[in-house]
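Examining the three-dimensional arrangement
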Amino acid sequence: MAKKNNARVADNKSVISENSNFALSEAFKAIRTNLTFALPNHLKCKKIMFTSAYPSEGKTTVSSNTAITIAQTEAKVLLIDADLRKPKSHTKFGIENRVGLSNVLSGMVDVRDAITPSGRLNLWCMTAGVIPPNPAELLSSEKMRETLELLETMFDYIIIDTSPINLVSDALDISAMVDGVVLVVKYKASTHPATKEALSKLEFVNANVLGIIMNGVEVERDAYYKSRKGRYGYGGRKYGYGYGYGYGYGYGYGYGHKKNNKNDTPDSND
C-alpha cells in the first residue's frame, strides 16, 4: 500500500474528530447503525455507494464522515473516490491525488499501490487519481468490477463517493456493483423534483437504495445531552445530519454555472 503524503492540509472543518460537536458525532453514529442493519445478512465486505442529485449537496463530506465513523468500530474500511470528473475526497484527509482509481482501471498501477492510509485508525483511501477523458467507460468496465471483487477480500467495508446522478451516468454504472446506495440531499437547498428524478434513475437500474441522508440540518439552541456530570449544551446553531427521506437539488458540475447560496456550509462544493 502507498505511504501517506502529508504535503496537503486536510479539510478539518468538515470531517469529524474527537473534538467534533456531540450532536454531529451522534448523527453519524446513528447513520452507521442504520446502514449496518440495512445490510444485516452480509457476512462478507459491505460495499456502499454515496451519490447526490446535483453537486454542492455534501456527498463527499457525508461519505467521508460515514467511513470515519464505521472505522471507529475497528472495522477495516476503504473510502474510494469514484468521482473521476471532480474528485474531492482527498482534500478531506490531506492526501495527494496523484495515483488512484483511474490509474488502476487504466492498468497503469496495481490496486495495492493506489491505497493510502487516511491518517485515521482503520481507514484507508483510494483517491480518484488522474482525471481521465473517459470516466463513464472506466467505471462501467469489467476492470472496475474485478477491482471491487479484489478489494472485498481486503476490507470489511468499502465506501464509494460518486458523481452527481442527475448530471452524468457514472454512479448508475457503479450501483450494480455495490450492496446498497445512499442518496445525499441538502437542507433548505434541495427540491423534490430533483430528488425524485435521482430516485427514478436508481430504481430504473434496480439499485438497492438504503435511504436518504439530509445534510446541513440545523440543530436548535436548546438541544442538549445529559452525562454523568450533568447537562451540556451544544451551543448555538450547528449543522447536523438526518437519515430518512428528503429532497435534493443543485447546479453546474465543472461544466457550467453554479448556484451561489449564502447559507453554504464548508461542504457546499461536494
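Note that this is a predicted model, so its numbers are computed, not measured.

1. Thoughts on the environment of Cys 125
Residue position: Cys 125 is located in strand S4 (residues 123-126). Taking the C-alpha atoms as reference, Cys 125 lies 5.5 Å from Leu 78; in sequence the two are 47 residues apart. If near-sequence neighbours (up to four positions away) are discounted, Cys 125 is found in contact with Leu 78, Leu 79, Phe 93, Ile 95, Ala 114, Ile 115, Thr 116 and Ser 118.

2. Some remarks on the environment of Ile 70
Relative to the helices and strands, Ile 70 resides in helix H2 (residues 59-71). Take Ile 70: its relative accessible area is 3%, and that puts it in the buried class. Sequence separation of Ile 70 and Lys 29 is 41 residues, and the distance between their C-alpha atoms is 8.0 Å. For Ile 70, the contacting residues outside a window of four places in its chain are Arg 32, Ala 75, Val 77, Tyr 157 and Ile 159.

3. Topic: the confidence of the model for the protein
Where the model shows low pLDDT, its predicted coordinates should not be examined in detail. Across the protein, the average pLDDT comes to 82, with 76% of residues at 70 or higher. Contacts from residues 3-7, a stretch scored under 50 in pLDDT, to residues over four places away or in other chains number 13 contacts. Here residues 243-266 scores under 50 on pLDDT; set against residues more than four positions off or in separate chains, the count is 67 contacts.

4. Section: the side chain of Arg 32
Summarising the element assignment, Arg 32 is placed in helix H1 (residues 22-38). Within the structure, Arg 32 has its side chain in polar contact with the backbone oxygen of Thr 69 (distance 2.8 Å).

5. Comments concerning H1
Compared with the 24 Å implied by 1.5 Å per residue over 17 residues, the 24 Å span of H1 between its first and last C-alpha is a close match. Three or more residues of H1 are buried, namely Ala 23, Leu 24, Ser 25, Ala 27, Phe 28, Ile 31, Arg 32 and Leu 35. Measuring from the side-chain oxygen of the N-cap residue of H1 to the backbone nitrogen of Ala 23 gives 3.0 Å; that N-cap residue is Asn 21.

6. A short note on the pattern of salt bridges
Summed over all chains, the structure comprises nine salt bridges. The partner of Arg 85 in a salt bridge is Asp 170, and the shortest N-O contact between them spans 2.8 Å. Here Arg 85, found in the loop between strand S2 (77-81) and helix H3 (89-93), pairs with Asp 170, found in helix H7 (residues 170-175); they are 85 residues apart in sequence, far enough to count as distant. Classification of Arg 85 by relative accessible area gives partly exposed; the value is 24%. In this structure, Glu 197 engages Lys 201 in a salt bridge whose closest nitrogen and oxygen atoms are separated by 3.3 Å. Of the two residues, Glu 197 and Lys 201 are both situated in helix H8 (residues 192-204); the distance of four residues between them amounts to about one turn of the helix. Put simply, Lys 44, Lys 47, Glu 152 and Asp 179 are held in one network by salt bridges that share partners.

7. Overview of the packing of aromatic side chains
With the rule as written, the count across this model stands at one aromatic pair. The cationic tip of Lys 76 hangs over the ring face of Trp 124; the distance from NZ or CZ to the ring centre is 5.4 Å. Of note, Lys 76 hangs over the ring of Phe 155, and the distance from its end group to the ring centre comes to 5.5 Å.

8. Regarding the packing of H1 against H2
Remark: H1 packs on H2, axes separated minimally by 9 Å, with the N-to-C direction vectors making an angle of 80°. When the axes of H1 and H2 are compared, the pair comes out roughly perpendicular. Contact with H1, carried on its side by Phe 28, Lys 29, Ile 31, Arg 32 and Leu 35, involves Val 62, Asn 65, Thr 66, Thr 69 and Ile 70 of H2 and no other residues of that element. Here the contact of H1 with H2 is built from residues that sort into five nonpolar, three polar and two charged.

Rules and cut-offs
- Residues numbered from 1 in each chain as written.
- Predicted model: local features only at pLDDT ≥ 70, side-chain atom pairs only at ≥ 80, totals over all residues.
- Heavy atoms only, no water.
- Helix = DSSP H or I, 4+ residues; strand = E, 2+ residues; numbered from the N terminus.
- Contact = heavy atoms within 4.5 Å.
- Buried < 20%, exposed > 50% of the residue type's maximum accessible area, 1.4 Å probe, protein only.
- pLDDT = per-residue confidence, 0-100.
- Polar contact = N/O pair within 3.5 Å; in protein donor to acceptor, adjacent residues only side chain to side chain.
- Expected span 1.5 Å × (residues − 1).
- Salt bridge = Lys/Arg side-chain N within 4 Å of Asp/Glu carboxyl O.
- Phe/Tyr/Trp six-rings, centres within 6.5 Å; stacked < 30°, edge-to-face > 60°.
- Lys NZ or Arg CZ within 6 Å of the ring centre and 35° of its normal.
- Axes fitted to C-alpha atoms, helices over the stretch in contact; angles between N-to-C directions.
- Parallel < 35°, antiparallel > 145°, perpendicular 65-115°, else oblique.
- Nonpolar A, V, L, I, M, F, W, Y, C, P; charged D, E, K, R; others polar.

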